[in-house]
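Listed here are the chains, written in short residue letters.
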Amino acid sequence: MVRKTGKKERLYVIGDRGVGILIIKLKPLRVVQISDEEINRYGKSLGGDGYAKIGALLWRVIADHNAAEGQGRAIDSDKIAGIESLIETGADISDVEFVFKTNISTVSLQVGKQHNKQIKSALCHLINGAKGEESTLFDAILNDSGSEDNKC
C-alpha cells in the first residue's frame, strides 16, 4: 500500500562520533539529541559499534517511510548490515548539499559576525545562545546589501 501524505517534514540526522547523534525534523521543528554516552552504552550492550547500529536504524526509518510514500523500497537486513558497515568504517553517507563540522569559540563567532555582515543575524543568535540566554529558535535574516541594518 502506498501512503502519500503530501506534507514534507524534512528529517536530518547528523552523527558526530564522540559527540552524539542529532535528529532534526522541520515543520514543526523538533530536535532530539542522543548523547555519545548513550550511544556507546547501547553499542556495548549489543557488542558492536553504537553509532553504526543507531545510524542504520535511522536509515531504516527513512527508507521505510520513502517506500510507504512510493519513493523507493523498504530496506532489508542485508542492506542494514551494509549501512552499519559503512558507518563503522567512517564513510560519509549524506543526502544533503553540505554538512560542516568544527569546534569554534564565541570569540571566533564575534569576529565572524564583524567580517560577514550578510550572516550577522545568524551568528548573533548563535552567540547569544552560547551566553546562556533562554534556548529559543530564532529566524535569522540575511542581509543582501552587507550593511549593518539588522539589529541583533
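Residues numbered from 1 in each chain as written. Predicted model: local features only at pLDDT ≥ 70, side-chain atom pairs only at ≥ 80, totals over all residues. Heavy atoms only, no water.

(A) Structural context of the packing of helix 2 (residues 50–68) against helix 3 (residues 77–88). Where helix 2 contacts helix 3, the two axes come as close as 8 Å, and the packing angle between them is 135 degrees. Judged by the inter-axis angle, helix 2 sits oblique to helix 3. Regarding helix 2 and helix 3, the two cross each other, and that crossing is right-handed. Residue-level inspection shows Tyr-51, Ala-52, Lys-53, Gly-55, Ala-56, Trp-59 and Arg-60 of helix 2 in contact with helix 3, the latter providing Ser-77, Ile-80, Ile-83, Glu-84, Ile-87 and Glu-88. Among the residues forming the contact of helix 2 with helix 3, the class breakdown is seven nonpolar, two polar and four charged. (Axes fitted to C-alpha atoms, helices over the stretch in contact; angles between N-to-C directions. Helix = DSSP H or I, 4+ residues; strand = E, 2+ residues; numbered from the N terminus. Parallel < 35°, antiparallel > 145°, perpendicular 65-115°, else oblique. Left-handed = near helix turned anticlockwise from the far one by under 90°. Contact = heavy atoms within 4.5 Å. Nonpolar A, V, L, I, M, F, W, Y, C, P; charged D, E, K, R; others polar.)

(B) Structural detail: the confidence of the model for the protein chain. Across the protein chain, the average pLDDT comes to 83, with 84% of residues at 70 or higher. Across the protein chain, the element-wise mean pLDDT spans from 78 in helix 5 (residues 120–130) up to 96 in helix 1 (residues 36–46). (pLDDT = per-residue confidence, 0-100.)

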